[in-house]
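Examining the three-dimensional arrangement
So the chains spell out like this:
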Amino acid sequence: MGLLDILLGRSKPALPDLDQLFALPSAAITLQAAVGFTPTGQGAVCFATVEGAAFEQTHREVQALLDADADRSGPPVELSQDSYGYSWLVSRRTPDQLPDLVNDLHAVNSALEADGFGPQLLCSLVGFQDDTGRKLALVYLYKRGTFYPLCTLSGQRKRDNALELRAAAALESDLRVEKDKTRWFPLWDAPGLTD
């Protein structure tokens, strides 16, 4: 960044730091203590759909890598598409396997980035729920290197903003929480948040 950038108030965008994902297991403990949400065992990586053989090959390799995990129980990794045309690679683990789920998400992001598809990566999320069935996700914004909590109200396209703010305040010492709340996107069709 040069002098002209400083004078004009321009700054370089934050670089993605995928290692931030490894803070999620400790953040989950804080989230449970502060607002009563525990992991569901479901996580996903969202990316802009890309056509072409190179992307298909990368997708198959990532899916094969994750499905080859001998400790994986339940359904295999699956690819879905939301109503906005974005693709989601969904991984499911048991709720007590959050570190393994985080490894899955990190592997997907790293593989896509290494094969030149980093610009298509949008976000990753890990699902949580409370005793009443309310759902919350911790969303990692790939291009910002930050997290935000997302809590949607069951069966509605509405958010529980008060709960999101409480969760964000509780997590500030565990995660790099996104300060610009206009970037706290709703992700209505995200896997794990829909009923």
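Let me sum up the structure you'll find in this document. (Residues numbered from 1 in each chain as written. Predicted model: local features only at pLDDT ≥ 70, side-chain atom pairs only at ≥ 80, totals over all residues. Heavy atoms only, no water.)

Description of helix α5 (residues 161–171)
- Taken together, the buried positions of α5 are occupied by Leu163, Glu164, Ala167, Ala168 and Leu171. Seen end-on, α5 carries its buried residues on one side only, within an arc spanning 135°. In α5, the exposed positions angled more than 90 degrees off the buried face are occupied by Ala162 and Ala169. (Buried < 20%, exposed > 50% of the residue type's maximum accessible area, 1.4 Å probe, protein only. Helix = DSSP H or I, 4+ residues; strand = E, 2+ residues; numbered from the N terminus. Arc of directions from axis to C-beta.)

Let's talk about the nonpolar core
- Grouped together as the largest cluster of nonpolar side chains are 54 residues, with contacts concentrated most on Leu31, Trp88, Leu136, Val139, Leu175 and Leu187.
- If sequence neighbours within four positions are ignored, Trp88 has contacts with Ala44, Val45, Cys46, Glu78, Leu79, Ser80, Asp82, Cys123, Leu125, Leu187, Ala190 and Pro191. (Core = buried A, V, L, I, M, F, W, Y, C linked by side-chain atoms within 4.5 Å. Contact = heavy atoms within 4.5 Å.)

Here we look at the pairing of strand β2 (residues 78–81)
- Where β2 lies against strand β3 (residues 86–92), four bridges are found, and the strand directions are antiparallel. Note on β3: the bridge partner recorded for Glu78 is Val90.
- What sits between the antiparallel neighbours β2 and β3 is a turn of four residues, in which Gly85 has the positive phi angle 90°. (Pairing = 2+ DSSP bridges.)

Focus: the packing of helix α2 (residues 24–35) against α5
- Two elements in contact, α2 and α5, have axes whose closest approach is 9 Å; the angle formed by their N-to-C orientations is 130°. Between α2 and α5, the angle is such that the two are oblique. Both α2 and α5 take part in a crossing whose hand is right-handed. Of the residues in α5, those in contact with Ala27, Thr30, Leu31, Ala34 and Val35 of α2 are Leu163, Arg166, Ala167, Ala170 and Leu171.
- Residues that form the contact of α2 with α5 fall into these classes: eight nonpolar, one polar and one charged. (Axes fitted to C-alpha atoms, helices over the stretch in contact; angles between N-to-C directions. Parallel < 35°, antiparallel > 145°, perpendicular 65-115°, else oblique. Left-handed = near helix turned anticlockwise from the far one by under 90°. Nonpolar A, V, L, I, M, F, W, Y, C, P; charged D, E, K, R; others polar.)

Some details on the layout of surface pockets
- Roughly 360 Å³ of volume is contained in the largest pocket.
- Forming the walls of the largest pocket are 19 residues, and the residues nearest its centre are Tyr86, Leu122, Cys123, Phe185 and Leu187.
- Secondary structure elements with two or more residues in the lining of the largest pocket: β3 and β4 (121–129).
- By residue class, the composition of the lining of the largest pocket is 14 nonpolar, no polar and five charged. (1 Å grid on protein atoms, 1.4 Å probe; cavity = no way out; pocket = protein on both sides within 12 Å on 5 of 7 lines; lining within 4 Å. Points joined across faces, edges and corners; volume = space filled by probe spheres on them.)

Description of the sheet that holds β2
- Taken together, six strands build an open sheet; the order of strands is β2-β3-β1-β4-β5-β6 and the sheet is antiparallel. Every interior strand has two partners, whereas the edge strands, β2 and β6 (146–152), have only one. Sheet twist, expressed as the mean angle between neighbouring strand axes with direction ignored, is 25°.
- As defined by bridge partners, strand β1 (residues 38–48) adjoins β3 across seven bridges and the pair is classed as antiparallel. When the sheet's bridge partners are listed, Ala44 is paired in β3 with Val90.

Notes on the environment of Ala169
- One can find Ala169 in helix α5.
- For Ala169, a relative accessible area of 56% gives the class exposed.

Thoughts on the pattern of salt bridges
- A complete count under the given rule lists nine salt bridges for this structure.
- One salt bridge in this structure joins Arg93 and Asp104, with 3.0 Å as the shortest N-O distance. Note that Arg93 is positioned in the loop between β3 and α4 (98–114) and Asp104 in helix α4, a separation of 11 residues in sequence.
- Taking the relative accessible area as the measure of exposure, Arg93 reaches 6% and is therefore buried.
- Among the residues examined, Asp104 registers a relative accessible area of 5% and is labelled buried.
- In this structure, the salt-bridge partner of Glu172 is Lys179, at a minimum N-O distance of 3.2 Å. (Salt bridge = Lys/Arg side-chain N within 4 Å of Asp/Glu carboxyl O.)

What about empty space enclosed by the protein?
- Taken as a whole, this structure holds one cavity of 30 Å³ or more when the rule is applied.
- Lining the largest cavity are Phe47, Phe55, His59, Val62, Leu89, Val108 and Leu112.
- Of all the elements in the fold, those that place two or more residues in the lining of the largest cavity are α3 (53–67) and α4.
- Residue composition of the lining of the largest cavity, by class: six nonpolar, one polar and no charged.

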